[in-house]
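Survey of secondary and tertiary structure
This is what each chain is made of:
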Amino acid sequence: MKNKTGKIIAIVFLILLGICWFEPILWLVTNSFKLDADFITSFANITGPWDYLTRLIPRTWTLSNYTELFVGGENVNTNANITRMFGNSFIVSIAVTAGVVFITSLSAYAYERLRFKGGDKIFWTLMYISMFPNVVAILPMFRIANALGWVNNLNALIWPSMAGVFNIFLIRNFMKGVPKEMDEAAIIDGANSFQVYAKVILPSIAPVMIVVGLFAFNGSWNDYLWPRIVMTDVNNQTLTPGLRLLMGQYEQRWAHMIASCLVSMLPPFLLYLFAQKYFLQGISVQASVKG
């Protein structure tokens, strides 16, 4: 009886939590299909919860908020190009994800399997250094990017983001669950260290690699501060900081801004939607290796 009551309470709690999460998404979606005049007036003088819910529904449904993002429209006051920003975000996010997956997995393999003098000391020193807030490194990073000629260049967004000590820590802990006998068997068969990494370790840690890739893509896609600082040319800007430019483009056209925010959220959402099975498999660094 107690287990049944606890289960009911948990279900009710999860339903309420789901409503709290879903309501802002519903608000964004429905308002993105409104005319700007409809949006401005739809939430005035609300008399109660039911009245509020009914006003979420657009009086006139329109796709113009979305089509004008890509093909343009009236009263455009700036040359912000969302299609170009989309392309820049995809280039940066995919490149960063590929780099993070390769570099962090190879580094974790070196620290965990290739024992060398001072390896643990180097690793934990890097861990302690990584605990400083990222904003501390903004000025040195900008000076380095400027010296390399990377200001207003996508290289400034790609290369500094490819290494992450926390990702190395995550993969290394997951790698502890891979029996070392597998490495030894591969070495006996004539495999070298890189072949062990590529053919034995990588297939065994695939779930956590997918998690690291998801985090890397999402972090790169949603990065605002660093692209905002190092990219001053609109044509080289990525989408998330580019939304600030669209605020100037659309002035008080709030329905257009809501549509642009939803468009920017779509790629990470779809990525998590299709990869959720692997995400759940890899979220525990103590998961056992399947035989």
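Residues numbered from 1 in each chain as written. Predicted model: local features only at pLDDT ≥ 70, side-chain atom pairs only at ≥ 80, totals over all residues. Heavy atoms only, no water.

What follows deals with the packing of helix α9 (residues 165-175) against helix α12 (residues 206-222). Two numbers describe how α9 lies on α12: the axes approach to 10 Å, and their chain directions differ by 165°. As the angle between them shows, α9 and α12 are arranged roughly antiparallel. Between α9 and α12 the crossing geometry is right-handed. In this structure, α9 contributes N167, L170, I171 and F174 to the contact, and α12 contributes P207, V208, M209 and V212. For the contact of α9 with α12, the class distribution of residues is seven nonpolar, one polar and no charged. (Axes fitted to C-alpha atoms, helices over the stretch in contact; angles between N-to-C directions. Helix = DSSP H or I, 4+ residues; strand = E, 2+ residues; numbered from the N terminus. Parallel < 35°, antiparallel > 145°, perpendicular 65-115°, else oblique. Left-handed = near helix turned anticlockwise from the far one by under 90°. Contact = heavy atoms within 4.5 Å. Nonpolar A, V, L, I, M, F, W, Y, C, P; charged D, E, K, R; others polar.)

Examined against the element boundaries, Q237 turns out to sit in the loop between α13 (225-230) and α14 (239-250). Polar side-chain contacts of Q237 include one of 3.2 Å to the backbone oxygen of M231. Aside from chain neighbours lying at most four places away, what touches Q237 is M85, N88, P227, R228, M231 and G242. (Polar contact = N/O pair within 3.5 Å; in protein donor to acceptor, adjacent residues only side chain to side chain.)

Taken together, the side chains of L114, F116, I122, L126, I129, F132, V135, V136, Y224, L225 and I229 present a nonpolar region at the surface, about 960 Å² in accessible area. Elements represented by at least two residues in the nonpolar patch include exactly α6 (119-129) and α13. Ranked by residues supplied to the nonpolar patch, first place goes to α6 with three residues. (Patch = residues over 30% accessible without salt bridge, like charges linked within 9 Å, V, L, I, M, F, W, Y side chains within 5 Å. Areas by Shrake-Rupley, 256 points an atom, 1.4 Å probe, with all protein chains shown as cover. Salt bridge = Lys/Arg side-chain N within 4 Å of Asp/Glu carboxyl O.)

As a further point, take the nonpolar core. Within soluble globular proteins, side chains that are nonpolar generally end up buried alongside one another. Core analysis: the largest hydrophobic core is formed by 35 residues, its most contacted members being L157, I171, M175, I201, I205 and V230. Every element with two or more residues in this core is listed here: α5 (82-113), α6, α7 (138-147), α8 (155-158), α9, α11 (193-204), α12 and α13. In contact with I205, other than residues within four places in its own chain, are I171, F174, M175 and V178. Membership of the second largest hydrophobic core comes to 18 residues, among which are I82, M257, L262 and V263. (Core = buried A, V, L, I, M, F, W, Y, C linked by side-chain atoms within 4.5 Å. Buried < 20%, exposed > 50% of the residue type's maximum accessible area, 1.4 Å probe, protein only.)

The subject of this paragraph is the packing of α5 against α11. At a minimum axis separation of 11 Å, α5 and α11 run at an interaxial angle of 110°. The orientation of α5 with respect to α11, classified from their angle, is roughly perpendicular. Each of F102, S105, L106, Y109 and R113 in α5 lies in contact with α11, whose residues at this interface are S193, F194, V196, Y197, I201 and L202. Looking at side-chain class alone, the contact of α5 with α11 contains eight nonpolar, two polar and one charged residues.

With that settled, the discussion passes to the pattern of salt bridges. Taken as a whole, this structure holds six salt bridges when the rule is applied. The partner of E112 in a salt bridge is R172, with the nearest N and O atoms 3.3 Å apart. Of the two residues, E112 is situated in helix α5 and R172 in helix α9; the sequence distance between them amounts to 60 residues. Neither residue differs from the other here; E112 and R172 are each classed as buried. A salt bridge links R113 to D183; the nearest nitrogen and oxygen atoms lie 2.7 Å apart. A residue pair is termed long-range when its members are at least 10 positions apart, and R113 in helix α5 and D183 in helix α10 (residues 180-188) qualify at 70 residues. The pair R113 / D183 is uniform in exposure class, with both members buried. One network of salt bridges, in which partners are shared, links E112, R113, D120, R172, K176 and D183.

Interpretation note: all reported values are geometric properties and have no functional meaning in isolation.
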